[in-house]
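Descriptive structure summary
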Amino acid sequence: MARYMLSVFGPAEREPFGEYGSREAMGQALADTGAFNERLERDGHFVFADGLAEATSATTVDGRGERPIVTDGPYLESKEHLGGFWVIEAADLDEAIALAAEGSRACRNPIEVRPFNSAESVRATLDA
Amino acid sequence: MIDQAGLAIARAHRSEWSRVVAGLARRFGDLDLAEDAAGEAFLAAVERWPREGVPPNPGGWLTTTATRRAIDRLRREEQRHGKHEAALMVFDDSPPEPAGAVDDDRLRLLFTCCHPALAMEARAALTLRLVTGLAVADIARAFLVPESTMAQRLTRAKRKIRVARIPYRVPSEADVGERLQGVLTVVYLVFNEGYLAGSGAEPVRRELTDEAIRLGRLLRELRPDDGEVAGLLALMLLAEARRPARVSPSGELVTLDRQDRAAWHRDLIDEGHALVRERAATGEAPGRFQLLAAMSAVHTAASTARETDWPRIVALDPSPIVRLNRAVAIGEVHGPGAALAEVDRVAVEIDGYHALHATRADLLRRLGRRDEARAAYDRALELTSNAAERAYLARRRDELDE
């Protein structure tokens, strides 16, 4: 099994009811997402999942210098930001993509599938 | 003797490369290792066959040699890292499926190289390198990029396969149809990249068309009952057959109606026609490649352009590109006005396709609407960088003023 992060992207500025349009549509998306989470747990894919508050509430911190520099806002300026994520276990990319398609349908947003580093991929980087 | 060995090596490279790479990839789960070990085995053949003679079973010799090289390399790495490394890529170790399902390593290799999670240009490059064994320098030249760029593209793609765990297996029955379409699209892209060479001075890049046809034949061998596999092979063969007549000695594109049909490759036409007949005999609904091949078969069946069975082409139906070709046929049956109406119906869908504007330009010219024809030729010229097509379009545009 390999570990993947499924990142959900959405607009930086959230409308009332998020990007869903109406209270009913938002409720349905949340219910579908909940059902998808249950399916992940039931089938042994679930590691962690959560949604994030809007990107404008983020603070960027750079501690590389002598004293940390603190800036208001997200690290990258963008119209769309990470809005939530799943961490899942899947046999391979095909399975991860199939799960991401289900999750995307449930939460009504596009999803980026990205593998976590493994011992092997870290070593490949060190050897390169 | 040396010549004989050289010939045997060239033959083995064509017929055995993909088998050796695919077998090693399944056994060791690492495409890099498979590619390097296969390369070393062929180098060993170059060294030893002229001296020791060609082995009775060249493919077996190459597989054994490559496997030994791969194991040697793994042992060295094991020592370096002080532990045994488990297979790196996800691979399917299950025994071959019973009759009917596919169990060929080369098919797994094709599906991995053409995985939808890879960029289209990476899919084409990987397929040419790992399945047909084209050298990195040759692939780079064919796609008109520096060799270092192509090498990096290949390295990055192989690394993604490993790190993201793109599996090395034939997709499930539920997905195999769609994924096979993806493989065919990559092969057709390689063919068109060669046949309609998008840019550069050479109007046709044969290293690409040749490799695409080889891939088409390989797919046909692996999936003999698939209609679209047969359709794509037929389509490529019928296009390749016309290649000698397609570009004039001065390097200008010669349109189908003016080509010297005696210069066409008769054997390729016969082979393409046989495939089209085979598919028609099944009575199954044809897909995109079978339709294009069927049209191409009607064109190549006529001994002169005038004898083309246009009503038959009109009867074959209709993706936007197919409908564009159909519009040309309508023009022959019902005149340029009717054809232009059909072209304009598909125009929105394929506005970025230069052939749409070239076709419109020709129909407008025949209708005497010269200003509109000139604008359409200009638009077609904007959209193609192929030298032969540009020469043809520019001449037709300039003839409007005569």
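Please refer to the structure higher up on the page.
Before going into details, it helps to say that this report is about the structure given with it. (Residues numbered from 1 in each chain as written. Chains lettered and ligands numbered in written order. Predicted model: local features only at pLDDT ≥ 70, side-chain atom pairs only at ≥ 80, totals over all residues. Heavy atoms only, no water.)

1. Regarding the overall build of chain B
For chain B, the count of helices and strands is 19 helices and zero strands. What you see for chain B is a C-alpha radius of gyration of 24 Å, in line with the 21 Å of a compact globule of 402 residues. Considering only C-alpha atoms, chain B reaches an extent of 80 × 45 × 40 Å along its principal axes. Taking all 402 residues of chain B together, 50% fall into the buried category. Restricting the contact set of chain B to residue pairs at least 6 apart, pairs at least 24 apart contribute 65%. Carbon and sulfur atoms provide 50% of the accessible area of chain B, an area that totals close to 18,800 Å². (Helix = DSSP H or I, 4+ residues; strand = E, 2+ residues; numbered from the N terminus. Rg over C-alpha atoms; globule rule 2.2 N^0.38 Å. Buried < 20%, exposed > 50% of the residue type's maximum accessible area, 1.4 Å probe, protein only. Contact = heavy atoms within 4.5 Å. Areas by Shrake-Rupley, 256 points an atom, 1.4 Å probe, with all protein chains shown as cover.)

2. Considerations on helix 18 (residues 370–383) of chain B
All names here are of chain B. With 14 residues, helix 18 should reach 20 Å at 1.5 Å per residue; the first-to-last C-alpha distance of 20 Å fits that figure. Three or more residues of helix 18 are buried, namely Ala373, Ala376, Tyr377, Ala380 and Leu381. Projected down its long axis, helix 18 shows its buried positions confined to an angular sector of 140 degrees, all on one face. Exposed and facing more than 90 degrees away from the buried side of helix 18 are Asp371 and Glu382. Packing partners of the buried residues in helix 18 comprise helix 17 (354–366) and helix 19 (387–399). (Expected span 1.5 Å × (residues − 1). Arc of directions from axis to C-beta.)

3. Remarks on the sheet that holds strand 5 (residues 80–90) of chain A
Residue and element names in this part refer to chain A. In space, the four strands of this open sheet follow the order 2-5-1-6, with antiparallel pairing throughout. Of all strands in the sheet, those with a lone pairing partner are strand 2 (46–51) and strand 6 (111–115), marking the two edges. Along the sheet, successive strands turn relative to each other by an average axial angle of 20 degrees, direction set aside. Strand contacts of helix 1 (residues 23–42): strand 2 and strand 5, with the helix running at about 25 degrees to strand 5, the strand carrying the most contacts. (Pairing = 2+ DSSP bridges. Axes fitted to C-alpha atoms, helices over the stretch in contact; angles between N-to-C directions.)

4. Examining the environment of B:Arg165
Here B:Arg165 lies in the loop between helix 7 (147–163) and helix 8 (173–195). A distance of 3.4 Å separates a polar side-chain atom of B:Arg165 from the backbone oxygen of A:Ala91. (Polar contact = N/O pair within 3.5 Å; in protein donor to acceptor, adjacent residues only side chain to side chain.)

5. Topic: the interface of chain B and chain A
The interface is formed by 16 residues belonging to chain B together with 15 residues belonging to chain A. Taking both sides of the interface into account, the surface hidden between chain B and chain A amounts to around 1,300 Å²; carbon and sulfur atoms contribute 50%. The interface formed by chain B and chain A includes three salt bridges. The shortest N-O distance in the salt bridge between A:Asp92 and B:Arg169 comes to 2.8 Å. At the boundary of chain B with chain A, the tally comes to five residue pairs in polar contact (both at pLDDT 80 or more). Elements that contribute at least two residues to the side of chain B that touches chain A include exactly helix 3 (58–81) and helix 7 of chain B. For the side of chain B that touches chain A, the element with the most residues is helix 7 of chain B, which contributes three residues. Counted by class, the side of chain B that touches chain A contains seven nonpolar, two polar and seven charged residues. (Buried area = accessible area lost by both parts, 1.4 Å probe. Salt bridge = Lys/Arg side-chain N within 4 Å of Asp/Glu carboxyl O. Nonpolar A, V, L, I, M, F, W, Y, C, P; charged D, E, K, R; others polar.)

6. Considerations on the pairing of strand 3 (residues 59–62) of chain A
Residues and elements named next belong to chain A. Bridging between strand 3 and strand 4 (residues 69–72) involves four bridges; their strand directions are antiparallel. Bridged to Val61 within strand 4 is Val70. Linking strand 3 back to strand 4 in an antiparallel pair, the connection comprises six residues.

7. Some points on the packing of aromatic side chains
Within this structure, the stated rule accounts for six aromatic pairs over all chains. Note on A:Phe36 and A:Trp86: the rings are 5.1 Å apart at their centroids and 90 degrees apart in plane angle, and the pair reads as edge-to-face. Pair noted here: A:Phe36 is in helix 1 and A:Trp86 is in strand 5, with a separation of 50 residues, a long-range link. Directly above the aromatic system of B:Tyr195 lies the positively charged group of B:Arg246, at a separation of 4.0 Å from the ring centroid. (Phe/Tyr/Trp six-rings, centres within 6.5 Å; stacked < 30°, edge-to-face > 60°. Lys NZ or Arg CZ within 6 Å of the ring centre and 35° of its normal.)

8. Observations concerning unusual backbone geometry
Glycine aside, a negative phi is what most residues show, and trans is what most peptide bonds show. The phi dihedral of A:Arg108 is positive, around 65 degrees, even though this residue is not glycine. Structurally, A:Arg108 is set in the loop between helix 2 (93–107) and strand 6. Not every positive phi belongs to a glycine, and B:Arg165 is a case in point at roughly 60 degrees.

The quantities given are spatial measurements derived from coordinates; they are silent on function.
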